[in-house]
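Understanding the architecture of this molecule
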Amino acid sequence: MDDTASCAVKIKILQELMSRPQDAVFDTPDGGFIPQGSEICLKNVIITAPGENAEECIPLAAYENLRIPTSGSIALQGSTGCGNTSLFRAIMGFYPYSQGNITLFGEEVSRYSRKELSNLLCYVPQNAFFFAGSIRDNMLYGIENEVSDDQLLDALHKACLLSELSEQNKCFSYAVLDLPVAESGKNFSGGQRQRLALARAFLRKPQLFLLDEITVGLDDSTADLVLTNLEQYAAAEHAGILHIFHEERVVKRCKLIILITNLLKGSSQKEKPNKAS
């Protein structure tokens, strides 16, 4: 497919997206809620894949009663298809739920505005979004507060990426911020993209970090250092960390492991303290 045909396809997709109704979460005004408690509660919830209308939503996961602490480091574990990623997206307001309730810090998720959810939560997915621009542009995407170059460089350092990019591109540290990022970050390795996404997290001050398999592709020493830096940062900000992980090297760092299974596939919820933590 040549560039002209590719652009035509992208324009068609964009037009289709723009013709869809806006998600309800973007119409929700700020409620001025003061966070209460330190847990996420789900009651008789069915999470669905978003569609053009409610009738087209496809059930993805169901949970009868699920309580998730939001302090310290917690790991969510389950078999393939248990719906962990869908659960994160529902908590963030990205995925709708057709019945039941999801409460976050004492309030129904649907009552929060998009801005309020973004302030309360920092979600780092497996495949983060990157656009064509500089590293600085991509790190500042979605950040409303003023951020200095020194803060950006510190975030890259904590994500164990600054020295690597400086050496790789034979440039001084401060010049790393102006290095180009291709669409989808294709000019970086998978591990570098993951750490660049994590660097964004060090610029946020949420109440809870939602981390979805963030160390996949990282060697043990790098993963250990990145997680240590993130845990220290979260503790300083009085924020919790909620992990989706199957890697033992990450799970053993958590104080509590919550085993969940998708009710649509036959489920249960079990909690167990992590003896390794």
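Below, the structure is looked at part by part. (Residues numbered from 1 in each chain as written. Predicted model: local features only at pLDDT ≥ 70, side-chain atom pairs only at ≥ 80, totals over all residues. Heavy atoms only, no water.)

Examining the overall build of the protein chain
Here is the rule: In this description a helix means any DSSP run of H or I spanning at least four residues, a strand means any run of E spanning at least two, and both kinds are numbered starting from the N terminus. The rule is simple: take the accessible area with a 1.4 Å probe, protein chains only, and divide by the maximum for that residue type; under 20% is buried, over 50% is exposed, in between is partly exposed. Contacts are assigned to residue pairs that have any heavy atoms within 4.5 Å of one another. The method behind every accessible area is Shrake-Rupley, applied with a 1.4 Å probe, and residues are considered shielded solely by the protein chains displayed.
Counting secondary structure elements, the protein chain contains nine helices and 12 strands. Out of the 277 residues belonging to the protein chain, those deemed buried represent 45%. Here the contacts in the protein chain between residues at least 6 apart in sequence split such that 70% fall between residues at least 24 apart. Surface exposure of the protein chain reaches about 14600 Å², of which carbon and sulfur atoms provide 51%.

Observations regarding the pattern of salt bridges
What counts, and what does not: We define a salt bridge as a contact between a side-chain nitrogen of Lys or Arg and a carboxyl oxygen of Asp or Glu at a distance within 4 Å.
Applying the stated rule across the entire model yields 10 salt bridges. Between R67 and E39 there is a salt bridge, with its nearest N and O atoms 2.6 Å apart. One end of the pair, R67, is in strand 2 (residues 58-69); the other, E39, is in strand 1 (residues 39-49), and 28 residues separate them in sequence. Judged by relative accessible area, R67 falls into the partly exposed class, the value being 45%. Of the residues examined, E39 reaches a relative accessible area of 27% and is grouped as partly exposed. When the shortest N-O distance is used, the salt bridge between R136 and D149 registers 3.1 Å.

Things to note about the packing of aromatic side chains
Keep this limit in mind: Aromatic pairs are defined between Phe, Tyr and Trp rings, using the six-membered ring for Trp, whenever the two ring centres lie within 6.5 Å; interplanar angles under 30 degrees are classed as stacked, those over 60 as edge-to-face, and all others as tilted.
Using the criterion set out here, one finds eight aromatic pairs in the structure. Ring geometry for F172 versus Y174: centroids 5.8 Å apart, planes at 10°, classification stacked. Owing to a relative accessible area of 57%, Y174 belongs among the exposed residues under this scheme. Taken together, the ring pairs connect F88, F94 and Y123 into an aromatic cluster.

Re the pairing of strand 3 (residues 73-77)
Strand residues, when the strand is regular, have side chains that alternate between the two faces of the sheet. Basically, it comes down to this: Two strands pair under a simple rule: DSSP has to find at least two bridges between them.
When you tally the buried positions in strand 3, you get five out of five residues, the bulk of the element. Taking every second residue as pointing to the same face, both faces of strand 3 are buried, with S73, A75 and Q77 on one and I74 and L76 on the other. With four bridges joining them, strand 3 and strand 10 (residues 240-244) adopt parallel strand pairing. Its bridge partner being in strand 10, A75 is matched across the sheet by H243. Summarising the sheet, strand 3 and strand 11 (residues 256-260) pair through four bridges and their orientation is parallel. Considered in strand 11, the bridge of Q77 is made with L259.

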